[in-house]
Amino acid sequence: MIQPEQQPNLLRSGHAACAGCGLAIGMKLVLQAMGPRTIAVIVPSCEGAIGGVYPYTSYGVPTIHSAFEIAAPTAAGIANALKIQGRDDIQVLAFAGDGGTFDIGLASLSGATKNNEDIIYVCLDNEAYMNTGIQVSSATPSYAWTGTTPEGNPRRKKNIMEIMAAHYNPYSATATIGFPRDLQQKITKAKNIRGTKFIHLLVPCPTGWRTPSDISPELSILAVETKVFPLYEVEDGKRYTINYEPRHLPIQEYLVKQGRFRHLKEEQIRKIQRDVDEEWEKLKQRARPSPKTRAFS
Amino acid sequence: MNTNHEPSSEYVIPISFGSTEIIETGNWGFLKPQTSFMTAPCQESCPAGNPIPQFLYLATDGRYHEALQILLRENPFPGVCGRVCFHPCETDCNRAQYDEPVSIRSMERYVSDVAANQPLNLKPVRNEGSKRVAIVGAGPAGLSCAYFLSLLGHPSTIFESQKEPGGVMRWGIPGYRLPKSILRKEIQRILCLPIQIKTNIIVGEDISFDELTQFDAVFLSPGAGLNTSLSIEGEDLKQVWMGQDFLGRINSKEKVTLGKECIVIGGGNTAMDVARSALRLGSKVTVAYRRTKGEMPAIRDEIIEAEEEGVRFEFLIQPVKINRLQNKKLAVTFQRMKLSGLDPSGRPKPIPVKRKFITMETDQLITAVGEQVDLSWIPQDLIKNGLIEGNPSSKIFGGGDAIDQPRTVVHAISSGKKAAISIDLCLRGESVNQVFSKIKVGNKGAVSMGAYLKGREDGEWPEEQRIITYEQINTLYFESSRRVRMRKRSDDKRLKGFSEVNLSFTSKEAHFSASRCFSCGTCNYCYNCYFFCPEGVISLDPVQRRRIVDFEHCKGCGTCAKVCPKSVVVMKEVG
Ligand SMILES: Cc1cc2nc3c(=O)[nH]c(=O)nc-3n(C[C@H](O)[C@H](O)[C@H](O)COP(=O)(O)OP(=O)(O)OC[C@H]3O[C@@H](n4cnc5c(N)ncnc54)[C@H](O)[C@@H]3O)c2cc1C
Ligand code: SF4
């Protein structure tokens, strides 16, 4: 097998992401694993900014800049057009941010998934509306500072993976840039599955998370190792597989590195730790092979 | 890439055809990543300066042949060292602070065994005014000196008193630790070079010391071959043997018959080898040592293996008298000792406990209480404290066990390398000290032949490298793991003969063991920087061993420096 690192880079340099952008790393890794036989859909967001200014683009594959809330149906339309043309060797990839997925695009994503449209949908989750100046989204974690939650976000992060699982779509997976080989393997796997594939990709954002420009990969790894963001897959909405056993680091190791959590009080940190532990237990339960029902003799 | 960016009126929606690559986003930042290698602590601790992270990287990649070649540049005996070295490298391995040290010695053995039949790939430098060098003694020191001299273009003649070369590796260390076939192969590889060897020639008897001075330079490495005597009553009894003689007879395949019970006096490598050899000849063996286990100078692994095999130990006793009994057995009287204060070498000093004696009966006693240098044929001005001291101004150099340095194979190799470089410099009339400061590997005495060859050829000396500490390793990128224990011959088969005890790694074990190396201070193409650069401007070429960064588009975010687990990339202001 050709290693992903030997495949061409399809996110060209000269793009306009901030220095150290985790989202750019994510898109680069995804596109590399997708390969050149891909049509991408992007929406107004950092993806648009990264794409460059007309008439230049950083995308190395044909890319359509659609509207904010309709990444999934746009991709579905293209996929269906390709099918009608009989071109089944081209994959359609939709990129949308957490705002366009968790909040404003949720209905259209749900519709496309309900129809099991043959697309790969990658949610680039940087946990707030970063491109418009850091406003809270339903993907923002508890107590995180954003421009619109100066005291810290009072709500918990929405569990998008469970919403997707409730559609019984063939494949959903979490991934993050700190585990590039895991991410690229998941993309490769998704390419070989027909129907709606959903990748929840956590991408640290130095600007919005208030962090130095060089620690996006490290934060991404810490998110996994502290169980804030476990790496797992859900097949057909019911078969759960945990891909990586975390080191169970205390949550502080992840939080202290980020300015957006600087104001946290002890009890808030304890609460986050409790939530994280609880979610992890729930996930482990789901990932357990179901006990065999005893046959009547 | 298509950089044509003319908008076309054929389309109803605007389409970008141009590439953002024309935008020089490199101007957004002023720091740029630079590669800067550091020396790994293992490499600093290896007296031969073995390029450890580099050879382990190549081994991880399955490039065993290349791995062996880079080892051979610094050490002509990887197969020997991979078996019998006391491996200071593993003691100082950074990974020891994380979980367990990397199995460096076993990997050196594996690489050299797997690639053993490959020809030597090192080209000796062309040397117009090459000189002839005389070497006394074909132990590891003498053979290494001849080897490195050859790489530097100087032919040499070795005078060896025994019928075969190898020194202690041939006549001392038994085959269950170092199979003779392995040693023979490594010596053959050396002797393919322009080296003349004259065996069965004792310098001082068959030829005189003065004859050596007809050569352009002389290297003295006769080792320490004289048994130290106990100087006690009864030492000359028939059942009392000398350790080195005993090992020499076994290694000559002589048939040796031992008594049922055997006492071995001493705590060094010779004592351990004698004890374990005696076990293999069917004796019940007790080692008597005057200090405690902690002070035994033998290599730790040897003590453990001796215990495993059933050697008994008696500590804090020293023989004072040996009597022959009516039943032909020996009665050995020992003085009880205790430790008190330190001796001049800094080790706890054993002193007698007044009036406390014990007596043991035995059939056989073998002494192994140290070896001395035979200086009978050495001119007085080259002797200091019972050892040889070279005199560079008269182009006479010394090395190995005969000079003032730790008595190990790898120190002998190191002294041979240093002497070869000194001789080359002296013969070409250059300053020794200046060059040595440029080719040192860390600060513990090792020097690099690779660096010397490069500097000598291109006049390009490497920049001084710092030693990378454990704190500089980003362990987030390493999963903790245990090292593989090498399989051993089963207990019942082990004592039946002199077959090698430690069986090699399997290829899977070797790959895993090599991949545990953090690669401290050296790029091993983990691809972290490549994967994590948001700009995609890093390209890596593991074959040519290159890392290229497109500075026109590097925004200087510093991610690559941060994600490098071994601190090889640093951000520096450029331009
Ligand atoms: C039993 C034993 C076990 C050991 N085990 C280990 C071990 O496991 N690991 C380790 O690192 N070290 C070990 N050592 C130490 C190690 O073997 C020595 O430090 C090393 O061999 C020294 O190398 P050398 O070249 O200086 O001398 P030697 O190996 O002693 O070689 C000297 C050579 O010079 C020849 N010679 C001497 N005088 C003359 C003369 N007048 N004319 C011509 N030739 C002469 C001798 O015949 C001999 O071949 C062991 C030593 C002994 C004795
Ligand atoms: S990661 Fe890329 S952009 Fe950032 S400093 Fe390194 S080479 Fe430059």
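Computed from a predicted structure; not experimentally measured.

Draft legend 1. Local environment of the domain arrangement of chain B. Residue and element names in this part refer to chain B. When its domains are assigned, chain B resolves into domain 1 (133-225 + 373-429) and domain 2 (227-371). Spacing between the C-alpha centres of domain 1 and domain 2 amounts to 30 Å. Between domain 1 and domain 2, the residue contacts involve 12 residues of the former and 13 residues of the latter. Interface area for domain 1 against domain 2, summed over the two sides, is near 1,000 Å², with a carbon-plus-sulfur share of 41%. Applying the counting criterion to the domain 1 and domain 2 interface returns 2 salt bridges. Of the charged contacts, one joins Arg-177 and Glu-302 as a salt bridge, the two residues approaching to 3.2 Å between their closest N and O atoms. Classifying every residue of the side of domain 1 that touches domain 2 gives 5 nonpolar, 3 polar and 4 charged.

Draft legend 2. How the structure looks around the interface of chain A and chain B. Chain A puts 38 residues into the contact, and the matching count from chain B is 40 residues. Buried surface at the junction of chain A and chain B, summed over both partners, amounts to about 3,300 Å²; 58% is from carbon and sulfur atoms. Where chain A packs against chain B, one counts 0 salt bridges. Taken together, the links from chain A to chain B amount to 20 residue pairs in polar contact (both at pLDDT 80 or more). Listed by contribution, the elements that provide at least two residues to the side of chain A that touches chain B are α1 (22-34), β2 (56-57), α7 (180-191) and α9 (216-225) of chain A. The dominant element in the side of chain A that touches chain B, judged by the number of residues it contributes, is α1(A), at 5 residues. Taken together, the residues of the side of chain A that touches chain B break down into 17 nonpolar, 14 polar and 7 charged.

Draft legend 3. The layout of surface pockets, seen in detail. All names here are of chain B. Taken as a whole, the second largest pocket encloses approximately 1,400 Å³ of empty space. Lining the second largest pocket are 44 residues, and of these Phe-37, Gln-54, Ala-451, Pro-462 and Gln-465 sit closest to its centre. Going through the elements one at a time, α15 (432-439), β20 (440-441), α16 (449-458) and β23 (546-549) are the ones with two or more residues in the lining of the second largest pocket. Here the element with the most residues in the lining of the second largest pocket is α16; it accounts for 4 residues. By residue class, the composition of the lining of the second largest pocket is 16 nonpolar, 14 polar and 14 charged.

Draft legend 4. Layout of the nonpolar core. Among the nonpolar cores identified, the biggest contains 171 residues, and Val122(A), Phe55(B) and Met107(B) are the most heavily contacted of them. Considering every element that reaches this core, the biggest residue donor is helix α14 (residues 409-427) of chain B, with 11 residues. Discounting chain neighbours no more than four positions away, the residues touching Phe55(B) are Ala67(B), Ile70(B), Leu71(B), Ile104(B), Met107(B), Glu108(B) and Val111(B). Membership of the second largest hydrophobic core comes to 30 residues, among which are Ile78(A), Leu109(A), Ala112(A) and Val234(A).

Draft legend 5. Fine view of the site of ligand 2. Inspection of the region around ligand 2 gives 15 residues, with Cys533(B), Cys554(B), Cys557(B), Gly558(B) and Cys560(B) positioned closest. Residue classes in the shell around ligand 2 are distributed as 10 nonpolar, 3 polar and 2 charged.

Draft legend 6. Main features of the packing of α14(B) against α15(B). Residues and elements named next belong to chain B. As a packed pair, α14 and α15 sit with axes 10 Å apart at the nearest point and diverge in direction by 135°. Viewed along their axes, α14 and α15 adopt a mutual orientation that is oblique. At the point where α14 passes α15, the crossing takes the right-handed sense. Contacts from Lys-418, Ile-421, Ser-422, Leu-425 and Cys-426 in α14 reach Val-432, Val-435, Phe-436 and Ile-439 in α15.

Draft legend 7. Spotlight on the packing of aromatic side chains. The full count for this structure, using the stated rule, is 19 aromatic pairs over all chains. Grouping aromatic residues by their ring pairs yields a cluster made of Tyr98(B), Phe478(B) and Phe518(B).

Draft legend 8. Quick peek at the site of ligand 1. Residues and elements named next belong to chain B. With respect to spatial proximity, 34 residues lie near ligand 1, and among them Val-84, Glu-160, Arg-177, Asp-401 and Val-409 are the closest. Between ligand 1 and Val-203, the relevant distance is 3.0 Å, taken from a nitrogen atom to a main-chain nitrogen or oxygen of the residue. Expressed as a share of its isolated accessible area of 990 Å², the protein-covered part of ligand 1 is 93%. Listing elements by their share of the shell around ligand 1, those giving two or more residues are α7 (140-151), α11 (243-251), α12 (269-280) and α14.

Draft legend 9. Looking closely at the sheet that holds strand β8 (residues 232-235) of chain A. All names here are of chain A. The strand order β3-β1-β4-β5-β7-β6-β8-β9 describes an open sheet built from 8 strands, whose pairing is mixed. Edge strands, defined here as strands with exactly one partner in the open sheet, are β3 (63-65) and β9 (239-242). On average, each strand axis in the sheet is tilted by 15° relative to the strand beside it, whichever way the strands run. Running over the sheet, α7 touches β4 (91-97), β5 (120-125), β6 (171-176), β7 (197-202) and β8 and is turned about 160° from β6. On the sheet, helix α11 (residues 266-287) packs against β8 and β9 and is oriented at approximately 120° with respect to β9.

Draft legend 10. Examining the pairing of β7(A) more closely. Residues and elements named next belong to chain A. With respect to burial, β7 is a largely interior element, 6 of its 6 residues being buried. By the alternation rule, side chains of β7 split into Lys-197, Ile-199 and Leu-201 and Phe-198, His-200 and Leu-202, which are all buried. Both β5 and β7 contribute to a ladder of 6 bridges, which runs parallel. Looking across to β7, one finds that Asp-125 is bridged to Leu-202. For β6 and β7, the ladder comprises 6 bridges, and the chain directions are parallel. Paired with Thr-174 across the two strands is His-200, which belongs to β7. In this fold, the crossover linking β6 to β7 by way of α7 has right-handed handedness.

Draft legend 11. Structural detail: the side chain of Ser448(B). Residues and elements named next belong to chain B. When you line up the elements, Ser-448 lands in the loop between β21 (446-447) and α16. Taking relative accessible area as the criterion, Ser-448 reaches 14% and is therefore assigned buried. Side-chain polar atoms of Ser-448 contact the side chain of Glu-74, separated by 3.2 Å.

Draft legend 12. A look at helix α3 (residues 71-85) of chain A. All names here are of chain A. End to end, α3 covers 21 Å across 15 residues, agreeing with the expected 21 Å (1.5 Å per residue, within 8%). All buried positions along α3 are accounted for by Ala-71, Ala-72, Thr-74, Ala-75, Ala-76, Ile-78, Ala-79 and Leu-82. Contacts from the buried residues of α3 go to β1 (38-42), β3, β4, α5 (106-114) and β5. The first or second residue beyond α3 is Gly-86, which carries a positive phi of 75°.

Draft legend 13. Layout of the pattern of salt bridges. Counted under the stated rule, the structure contains 62 salt bridges over all chains. As a salt-bridge pair, Asp275(A) and Arg156(A) come within 3.6 Å of each other at their nearest N and O atoms. Taken together, the positions of Asp275(A) in helix α11 and Arg156(A) in the loop between β5 and α6 (160-165) put the pair 119 residues apart, joining distant regions of the chain. A relative accessible area of 39% means that Arg156(A) is categorised as partly exposed. The network of salt bridges with shared partners includes Arg177(B), Asp273(B), Arg276(B), Arg280(B), Glu302(B), Glu305(B), Glu308(B), Glu309(B), Lys488(B) and Arg494(B).

Here is what the cut-offs are and how they apply
Residues numbered from 1 in each chain as written. Chains lettered and ligands numbered in written order. Predicted model: local features only at pLDDT ≥ 70, side-chain atom pairs only at ≥ 80, totals over all residues. Heavy atoms only, no water. Domains from an automatic or database assignment. Contact = heavy atoms within 4.5 Å. Buried area = accessible area lost by both parts, 1.4 Å probe. Salt bridge = Lys/Arg side-chain N within 4 Å of Asp/Glu carboxyl O. Nonpolar A, V, L, I, M, F, W, Y, C, P; charged D, E, K, R; others polar. Polar contact = N/O pair within 3.5 Å; in protein donor to acceptor, adjacent residues only side chain to side chain. Helix = DSSP H or I, 4+ residues; strand = E, 2+ residues; numbered from the N terminus. 1 Å grid on protein atoms, 1.4 Å probe; cavity = no way out; pocket = protein on both sides within 12 Å on 5 of 7 lines; lining within 4 Å. Points joined across faces, edges and corners; volume = space filled by probe spheres on them. Core = buried A, V, L, I, M, F, W, Y, C linked by side-chain atoms within 4.5 Å. Buried < 20%, exposed > 50% of the residue type's maximum accessible area, 1.4 Å probe, protein only. Near = heavy atom within 4 Å. Axes fitted to C-alpha atoms, helices over the stretch in contact; angles between N-to-C directions. Parallel < 35°, antiparallel > 145°, perpendicular 65-115°, else oblique. Left-handed = near helix turned anticlockwise from the far one by under 90°. Phe/Tyr/Trp six-rings, centres within 6.5 Å; stacked < 30°, edge-to-face > 60°. Areas by Shrake-Rupley, 256 points an atom, 1.4 Å probe, with all protein chains shown as cover. Pairing = 2+ DSSP bridges. Right-handed = clockwise from strand over helix to strand, strands pointing away. Expected span 1.5 Å × (residues − 1).

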